[in-house]
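Structural characterization, general
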Amino acid sequence: MKRISLCSLGLMLLLPMTVQAQPRWDAPSFMRPGSPSGLTLAIIDTDPGAGIGVLALWRGAAAPTGIGFRAGITEAPADEVAGLIGIDISGSLSGPVASGQPEVLWWTGAGVGLGNDVSASFPLGLVFGWTAQDEGVSFMPYAGGHVVLDILSGPGDDLDLDGVVDLGLDLAFSRGWVMRFGAGLGGRESVGFGVRIPR
């Protein structure tokens, strides 16, 4: 299973990287084994786009249980504003693991970027994550990648396949606060910083 996962990730990273004109909903992904339940509010910077955006993520249960929802707004090229809406589902490929051992998560979803054009995006990805604890703080780094089928609607309708490297780190504190960092490299360059608000 580990060999299959590593080969799949390698194929993702070898896909041609394309530059699109519409911001996408899936980068940064903020997806890892155990992505926290509840509400995360994040500031994002995506390319394409020339400015900062805001994103809200909601999960009823920690990944891979349940469905994740996200919605946000960000600046698109030519000083336009784009809306981002998406949902994700996920599953575990690693089963129960001991503390500190890597976990593997697959995920997929569907969403749209709404601006002058409309882009529908359908990602499929793998993420490797770890958990370490020290003095009441849990460190949860993750790395992976995903491929995305993009359907572009507007002038010059198009169908594209894109590839992204996903990196991130969650820091969980004893009172329920989680600081979340995420980045996307390749065809969907992006960076984001968010906070999961305790229930």
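Just so you know, these numbers come straight off a predicted model, no measurement behind them. (Residues numbered from 1 in each chain as written. Predicted model: local features only at pLDDT ≥ 70, side-chain atom pairs only at ≥ 80, totals over all residues. Heavy atoms only, no water.)

**Points about the nonpolar core**
If you look at the biggest cluster of nonpolar residues, it comprises twelve residues: W25, F30, M31, A42, I44, L55, L57, L84, L105, W107, V127 and Y142. Residue assignment for this core shows that the elements contributing at least two residues are strand 1 (38–46), strand 2 (52–59) and strand 5 (103–114). Apart from residues lying up to four places away in sequence, F30 is in contact with S35, A42, I44, L55, L57, Y142, R180, F181, G182, G192 and F193. (Core = buried A, V, L, I, M, F, W, Y, C linked by side-chain atoms within 4.5 Å. Buried < 20%, exposed > 50% of the residue type's maximum accessible area, 1.4 Å probe, protein only. Helix = DSSP H or I, 4+ residues; strand = E, 2+ residues; numbered from the N terminus. Contact = heavy atoms within 4.5 Å.)

**Considerations on the pattern of salt bridges**
Counted according to the given criterion, the structure contains seven salt bridges. Note that D26 and R188 form a salt bridge whose closest N and O atoms lie 3.0 Å from each other. Residue D26 is located in the loop between helix 1 (2–14) and strand 1, and its partner R188 is located in the loop between strand 10 (178–186) and strand 11 (190–197); the two are separated by 162 residues in the primary sequence. Judged by relative accessible area, which is 0%, D26 ranks as buried. For R188, a relative accessible area of 3% puts it in the buried group. For D150, the salt bridge is made with R188, and the minimal N-O distance between the two is 2.8 Å. Of the two residues, D150 is situated in strand 8 (residues 137–153) and R188 in the loop between strand 10 and strand 11; the sequence distance between them amounts to 38 residues. An identical accessibility class is assigned to D150 and R188; each is buried. One network of salt bridges, in which partners are shared, links R24, D26, D150, D162 and R188. (Salt bridge = Lys/Arg side-chain N within 4 Å of Asp/Glu carboxyl O.)

**Details of empty space enclosed by the protein**
Enumeration according to the criterion identifies two cavities of 30 Å³ or more in this entry. Forming the boundary of the largest cavity are 15 residues, of which F30, L57, R59, D88 and R180 lie nearest the centre. Of all the secondary structure elements, the ones that give two or more residues to the lining of the largest cavity are strand 1, strand 2 and strand 3 (67–76). (1 Å grid on protein atoms, 1.4 Å probe; cavity = no way out; pocket = protein on both sides within 12 Å on 5 of 7 lines; lining within 4 Å. Points joined across faces, edges and corners; volume = space filled by probe spheres on them.)

**Overview of the pairing of strand 8**
The pairing of strand 6 (residues 118–129) with strand 8 spans twelve bridges and is antiparallel. Among the inter-strand pairings, S119 is bridged to a residue of strand 8, identified as L152. Note: strand 7 (residues 132–134) against strand 8, three bridges, orientation antiparallel. Bridging from a neighbouring strand, Q133 pairs with S138 of strand 8. Hairpin connection between strand 7 and strand 8: a loop of two residues separates the two successive antiparallel strands, and E135 in this loop has a positive phi of roughly 50 degrees. With 16 bridges joining them, strand 8 and strand 9 (residues 158–173) adopt antiparallel strand pairing. Following the sheet pairing, F139 is matched in strand 9 by L171. (Pairing = 2+ DSSP bridges.)

**Considering the side chain of D170**
Summarising the element assignment, D170 is placed in strand 9. Judged by its relative accessible area of 0%, D170 is buried. A distance of 2.6 Å separates the side chain of D170 from the side chain of R32, its partner in a polar contact. Polar side-chain contacts of D170 include one of 3.1 Å to the side chain of R180. Those residues in contact with D170, other than ones at most four positions away along the chain, are R32, P36, S138, F139, M140, Y142, V178, M179, R180 and F181. (Polar contact = N/O pair within 3.5 Å; in protein donor to acceptor, adjacent residues only side chain to side chain.)

**Describing a nonpolar patch on the surface**
Residues L39, L41, W58, I67, F69, I87, I89, F173, W177 and I197 make up a contiguous nonpolar surface patch of about 850 Å² in total accessible area. Of all the secondary structure elements, the ones that give two or more residues to the nonpolar patch are strand 1, strand 3 and strand 4 (80–92). With respect to the helices and strands, the residue F69 is situated in strand 3. (Patch = residues over 30% accessible without salt bridge, like charges linked within 9 Å, V, L, I, M, F, W, Y side chains within 5 Å. Areas by Shrake-Rupley, 256 points an atom, 1.4 Å probe, with all protein chains shown as cover.)

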